[in-house]
Amino acid sequence: MAELKDILYKVTINAVVGSTSINVNAIHFDSRQVKKGDVFVAIKGTMVDGHDYIDKAVSLGALAVVCEVLPSETHNGITYIEVENTSSALAYMASNYYENPSGNLRLVGVTGTNGKTTVTTLLYQLFKNAGYKVGLLSTVKIMVDTKEYKATHTTPDSLTINKYLKLMNDVGVEFCFMEVSSHGIHQKRTEGLQFEGGVFTNLSHDHLDYHSSFAEYRDVKKSFFDHLPKQAFALVNIDDKNGLIMLQNTKAKKNTYALKTYADYKVQVLENEFSGLLLKLNESELWTRLIGNFNAYNVAAIYGTAELLGLEKVEILRLISELESVSGRFQYLISDEKITAIVDYAHTPDALKNVLETINSIRTQNEDLITVVGCGGDRDKAKRPKMGHIASALSNKVIFTSDNPRSETPEAIIEDIEKGVEPQNFKKIVSITDRKQAIKTACQMASSKDIILIAGKGHETYQEIKGERFDFDDYQIVQECLKQLQK
């Protein structure tokens, strides 16, 4: 229980009807969860407007309502607070309600199109191995020191973020690494949080179904760095032309990393194999089990973050050499027939290009590279032909299939993907709508030493079709298919 006026601290208020000197039990933005004595925050979402559910929340026992537009009819004994932006208000209220937990640990946010999950998860792993109590808020999972919780969004809602940060406080977590998505920034979910650092990985074509343009997508990411305090650090990849844009207006201490240009953390790839990378980082050499140039960038981001948080250089190098790859990120297995299968979350054109170029840079070219790939339904359609173009240009054989078709038909999605295939690559492609059958076919097409890439779903253990989720695990399926071939 908390006093309403206390949890409204830092919220921009336009008008108040009733008293704020009242105790409230909990905060909700979903009217269905409201109970007696709660406060309801009416959020204008992309699909529904919480303002339409104010009366329902009051009928369920809400004592107070936070909204952007006061209802035409108000109820006696109910407090109404009109604010500038309810998403922003919710973020500050959640922080205040949970006693500002982000200020009691060292929170680092990682943003960018690709690499967020890898960087945050490996930072969690590194600091854990260094002997600290650590928290993780990622697409794959939420970790409160050693306890694991299921993740539902890349960046959860403000109440969920602060609830888990409070749990981290309760068990003495010192560091927390958090994925910060463009949706999360745009929907003000990260407002009210005290970040000690922000990391920018890269920016490429993604989420243009949500953002009106690439410039808007970039500027939303930039706003995260604009709001970092001067005592924080900003660490950006300056091989990406948007890296310096992220630093333009930040008050935070500016730091850079790169492979191709001069930077505070400069990385050079000395050896690149399926077993790992030999890197030169500034003046030190290190070996990592992570694979590919894109992971060389991730290592630079991890090293830089760890050093900026105060770890010793020699210790960081040792800890990086012990890191294991993240589930569904370039996860590979080799069958008894010496067929290599790689499962990767690459679901954007840039990520797919990175993975395929990495495989092509390592392999001998005497074997075939067979790629299985699809695109999600009800999402950015503009990237589909690009994915088709990249897959068919950089592979010997390609099977276009379903990803998470959602409400669309797999056939329509595949048709969009095929539009990007150039005439000279038509003979390389096959379309199989059933993803399991597509993976099975790729295994049957493969000979000894061939490489199969299964792209798009990575760590996901479900497939979403017509509003339902079915159990589906790319890694498990390819493992079973390759075993059956051995019989």
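If you're wondering where the values come from, they're calculated on a predicted model, not measured in any experiment.

S.K.: Any chance you could explain the overall build of the protein chain here in plain terms?
M.R.: Assigned secondary structure in the protein chain consists of 15 helices and 26 strands. A globule of 487 residues ought to have a C-alpha radius of gyration of about 23 Å, and the protein chain, at 24 Å, matches this closely. Dimensions of the protein chain, computed from C-alpha atoms along their principal axes, come out at roughly 75 × 50 × 40 Å. When contacts within the protein chain are restricted to residue pairs at least 6 apart in sequence, long-range pairs at least 24 apart make up 64% of them. Taken as a whole, the protein chain presents about 20900 Å² of accessible surface, with 48% of it coming from carbon and sulfur.

S.K.: Explanation requested: the sheet that holds strand β14 (residues 233-237) in the structure shown.
M.R.: Two pairing modes exist for strands in a sheet, parallel and antiparallel, and in both the strands are linked by backbone hydrogen bonds. Ordered by their spatial adjacency, 11 strands build an open sheet running β11-β10-β9-β12-β8-β13-β14-β15-β16-β17-β18, and the pairing between neighbours is mixed. In the strand order of this sheet, the two ends are held by β11 (147-150) and β18 (284-288), each with one partner. Sheet twist, expressed as the average angle between the axes of neighbouring strands with direction ignored, equals 20°. Looking at chain direction, strand β9 (residues 134-137) and strand β12 (residues 175-179) are connected through 4 bridges and run parallel. Among the inter-strand pairings, V134 is bridged to a residue of β12, identified as F175. Each of β8 (106-111), β12, β13 (195-200), β14, β15 (253-258), β16 (265-273), β17 (276-281) and β18 touches helix α9 (residues 293-308); the most contacted strand, β16, lies at about 140° to it.

S.K.: Where do I start with the sheet that holds strand β5 (residues 39-41) in this structure?
M.R.: Taken together, the 5 strands give an open sheet; going across it, the order is β2-β7-β6-β5-β4, and neighbouring strands pair in mixed fashion. If you trace the sheet from one side to the other, it starts and ends with β2 (13-17) and β4 (27-28), each paired once. Of the pairings in the sheet, the one linking β2 to strand β7 (residues 79-83) comprises 4 bridges and is antiparallel in character. Bridge pairing links A15 to E82 in β7.

S.K.: Can you help me understand the pattern of salt bridges in this one?
M.R.: Any two side chains of opposite charge can pair if their charged atoms end up close together. Within this structure, the stated rule accounts for 22 salt bridges. Taking the shortest distance from any N to any O, the salt bridge between D145 and K128 comes out at 2.7 Å. Of the two residues, D145 is situated in the loop between β10 (141-144) and β11 and K128 in helix α4 (residues 116-129); the sequence distance between them amounts to 17 residues. Note that E460 and K457 form a salt bridge whose closest N and O atoms lie 2.9 Å from each other.

S.K.: Help me understand the packing of aromatic side chains, please; the structure alone is not making it clear to me.
M.R.: One pair of aromatic rings is described through two measures. These are the centre distance and the angle between the planes. Enumeration according to the criterion identifies 11 aromatic pairs in this entry. When the centroid spacing of 5.0 Å and the interplanar angle of 55° are considered together, the rings of Y149 and Y164 count as tilted. Residue Y149 is located in strand β11, and its partner Y164 is located in helix α5 (residues 158-170); the two are separated by 15 residues in the primary sequence. Here Y149 falls in the partly exposed class, since its relative accessible area comes to 22%. Residue classification places Y164 among the buried positions, given a relative accessible area of 9%. Between Y265 and Y303, the ring centres sit 5.8 Å apart and the planes meet at 65°, which makes this aromatic pair edge-to-face. Linking Y265 in strand β16 with Y303 in helix α9, this pair joins segments that are 38 residues apart in sequence. Within the aromatic cluster, the residues linked to one another by ring pairs are F127, Y132, F175 and F177.

S.K.: How should I be thinking about the nonpolar core in this particular structure?
M.R.: Among soluble globular proteins, nonpolar side chains are generally buried collectively. In this structure, L126, F127, F177 and I320 are the most contacted members of the largest nonpolar core, which totals 41 residues. Among the elements that make up this core, the one with the highest residue count is α9 (8 residues). Ranked by size, the runner-up nonpolar core spans 33 residues in total, among them L137, A151, I185 and M246.

S.K.: When you look at the packing of helix α11 (residues 349-362) against helix α12 (residues 383-394) in this model, what are you seeing that I'm missing?
M.R.: Between two packed helices, what matters for the description is the angle formed by their axes and the separation of those axes. Where α11 contacts α12, the axes come no closer than 9 Å and their chain directions differ by 5°. Relative to α12, the element α11 lies roughly parallel. Of the residues in α12, those in contact with P349, L352, K353, L356, E357 and N360 of α11 are K383, K386, M387, I390, A391 and L394. Residue classes in the contact of α11 with α12 are distributed as 7 nonpolar, 1 polar and 4 charged.

S.K.: Hey, could you run me through the packing of α12 against helix α13 (residues 410-418) in this one?
M.R.: It is at 6 Å that the axes of α12 and α13 come closest, and there the two elements cross at 60°. As for the relative orientation of α12 and α13, their crossing is right-handed in sense. Of α13, the residues touching α12 (which contributes R384, P385 and G388) are I413, D416 and I417. Of the residues assigned to the contact of α12 with α13, the class counts are 3 nonpolar, 1 polar and 2 charged.

Basis of the calculations
- Residues numbered from 1 in each chain as written.
- Predicted model: local features only at pLDDT ≥ 70, side-chain atom pairs only at ≥ 80, totals over all residues.
- Heavy atoms only, no water.
- Helix = DSSP H or I, 4+ residues; strand = E, 2+ residues; numbered from the N terminus.
- Rg over C-alpha atoms; globule rule 2.2 N^0.38 Å.
- Contact = heavy atoms within 4.5 Å.
- Areas by Shrake-Rupley, 256 points an atom, 1.4 Å probe, with all protein chains shown as cover.
- Pairing = 2+ DSSP bridges.
- Axes fitted to C-alpha atoms, helices over the stretch in contact; angles between N-to-C directions.
- Salt bridge = Lys/Arg side-chain N within 4 Å of Asp/Glu carboxyl O.
- Phe/Tyr/Trp six-rings, centres within 6.5 Å; stacked < 30°, edge-to-face > 60°.
- Buried < 20%, exposed > 50% of the residue type's maximum accessible area, 1.4 Å probe, protein only.
- Core = buried A, V, L, I, M, F, W, Y, C linked by side-chain atoms within 4.5 Å.
- Parallel < 35°, antiparallel > 145°, perpendicular 65-115°, else oblique.
- Nonpolar A, V, L, I, M, F, W, Y, C, P; charged D, E, K, R; others polar.
- Left-handed = near helix turned anticlockwise from the far one by under 90°.

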